[in-house]
Amino acid sequence: MSESEQTSSRKLDHVRIVLGEDVAAKGITTGFAAYRLPHEAAPELDLAEIDTSVTFLGKRMRAPLLISSMTGGARDVARINVALAEAAEALGLAMGVGSQRAALVDPRLADTYRVRHVAPTIPLLANLGAVQLNYGFGVDECRRAVDMIEADALVLHFNALQEAVQPEGNTNFKGLLRRIEEVCLRLDVPVIAKEVGNGIGAATARRLVDAGVKIIDVAGAGGTSWSEVERYRHTTERGAQVAGAFAGWGIPTTEAIRQVRAALPDITIIGSGGVRSGVDVAKAIALGADLAATARPALIPAVDERGAAAVIESLQTYIDELRIAMFCTGCGDLTALRRLRLERV
């Protein structure tokens, strides 16, 4: 099987497993339940006037929500990205595509990522695995990924644990910061550093920002566990056991947000990892995130026969919940929400 065929097969495996198996983190939570939004019985606000808008990558969004990087690279998943993009455009959200490595290896797969034709105005994020900079990729490949989808930024995702437990994982992470610095210097769009569900802490975030990264997506633990996803892909009992040992690994999402905000007061932070409601979005922003992101809750409706309509229905629920949470805490806009002090439960 060629490298392109292997990558496409893995992409299909990932979608199938995420949709059909219990791949939630075990023994660790996001931490959102440990915080309570303080109720304001007399908010002195009109719910209809609550302003959830935010500017991200120079573009105005109607709500602080990113449909996080998920898929692409296989013909059977192309329609998923289109459905997600159509929903993002309709709701005024941002969107990231899955790792574009497959299309850089096999350009025939590029169309499985291209969504600008249905989402001309949204912030759109290209995506590559950071570790691929140690496996032959460089500035040119990063630029090609951005140009391929007319992206506003490039996500370099960090998935050390996933690669370590993946049967065919790339595990040489040595010297990446130097290569990331070169990409940040030479690329024409901002670079976003993103984990995939095990969290970015303060010290790591500082090193990434020092290398030129402009935005940190903490992608904390407590939502989907990619070591659990890889556990289902193993064909040996030992491999599955090793992967399963890390189901509770990582920095909880709320802790990652708080750490990075305390360390880097001025950096743009995306709070992701187990964000399962608009109330979680509100808590993420109050804890220090500039916007929140979610993946699996958008993927599930994206495979529905209604496509974008099902995604819109699901994510509109998030937006409605966020607006009501802001209304009932007396926060008329996101600036006020960022100043809100959460209560520990």
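Keep in mind that this is a model prediction, so the values were computed, not measured.

Conventions we followed
- Residues numbered from 1 in each chain as written.
- Predicted model: local features only at pLDDT ≥ 70, side-chain atom pairs only at ≥ 80, totals over all residues.
- Heavy atoms only, no water.
- Salt bridge = Lys/Arg side-chain N within 4 Å of Asp/Glu carboxyl O.
- Buried < 20%, exposed > 50% of the residue type's maximum accessible area, 1.4 Å probe, protein only.
- Helix = DSSP H or I, 4+ residues; strand = E, 2+ residues; numbered from the N terminus.
- Polar contact = N/O pair within 3.5 Å; in protein donor to acceptor, adjacent residues only side chain to side chain.
- Contact = heavy atoms within 4.5 Å.
- Core = buried A, V, L, I, M, F, W, Y, C linked by side-chain atoms within 4.5 Å.
- Pairing = 2+ DSSP bridges.
- Axes fitted to C-alpha atoms, helices over the stretch in contact; angles between N-to-C directions.
- Expected span 1.5 Å × (residues − 1).

Trainee: Residue-level account of the pattern of salt bridges, with values.
Mentor: This structure, assessed with the given rule, holds 20 salt bridges. Where aspartate 106 meets arginine 108, a salt bridge forms, and the shortest distance between an N and an O atom there is 2.9 Å. Residue class for arginine 108 comes out exposed when judged on its relative accessible area of 62%. Aspartate 152 is the salt-bridge partner of arginine 116, the closest N and O atoms lying 2.8 Å from each other.

Trainee: Lay out the side chain of glutamine 162 with the relevant residues and their values.
Mentor: By secondary structure assignment, the location of glutamine 162 is in helix α5 (residues 160-165). For glutamine 162, the side chain forms a polar contact with the side chain of glutamate 230, separated by 2.9 Å. Once residues within four sequence positions are removed from consideration, glutamine 162 is found in contact with His14, Val196, Trp226 and Glu230.

Trainee: Give a description of the nonpolar core that names residues and reports values.
Mentor: Within soluble globular proteins, side chains that are nonpolar generally end up buried alongside one another. Ranked by internal contacts, the top residues of the largest apolar core, which has 112 residues, are Ile180, Ile216 and Leu337. Beyond its immediate sequence surroundings of up to four residues, leucine 337 is in contact with Ala282, Ile285, Ala286, Leu322, Met326 and Cys331.

Trainee: Tell me what's going on with the sheet that holds strand β9 (residues 215-217), and back it up with residues and numbers.
Mentor: Overall, parallel pairing links the 8 strands, which are arranged β4-β5-β6-β7-β8-β9-β10-β11 in a closed barrel. Strand after strand, the sheet turns through a mean of 25 degrees between neighbouring axes, direction not considered. One ladder, built from 2 bridges, connects strand β5 (residues 94-96) with strand β6 (residues 124-129); its direction is parallel. Bridged to methionine 95 within β6 is leucine 124. Packed on one face of the sheet, helix α4 (residues 139-149) meets β6 and β7 (153-158) and runs near 145 degrees to β6.

Trainee: Let's hear about helix α13 (residues 308-327): which residues, and what values?
Mentor: Taking 1.5 Å per residue, 20 residues should reach 28 Å; α13 reaches 28 Å between its end C-alpha atoms and fits that length. Looking at α13, one finds that the buried residues are Ala308, Ala310, Val311, Leu315, Tyr318, Ile319, Leu322, Ala325 and Met326.

Remember, this is a structural readout, not a statement about activity or role.
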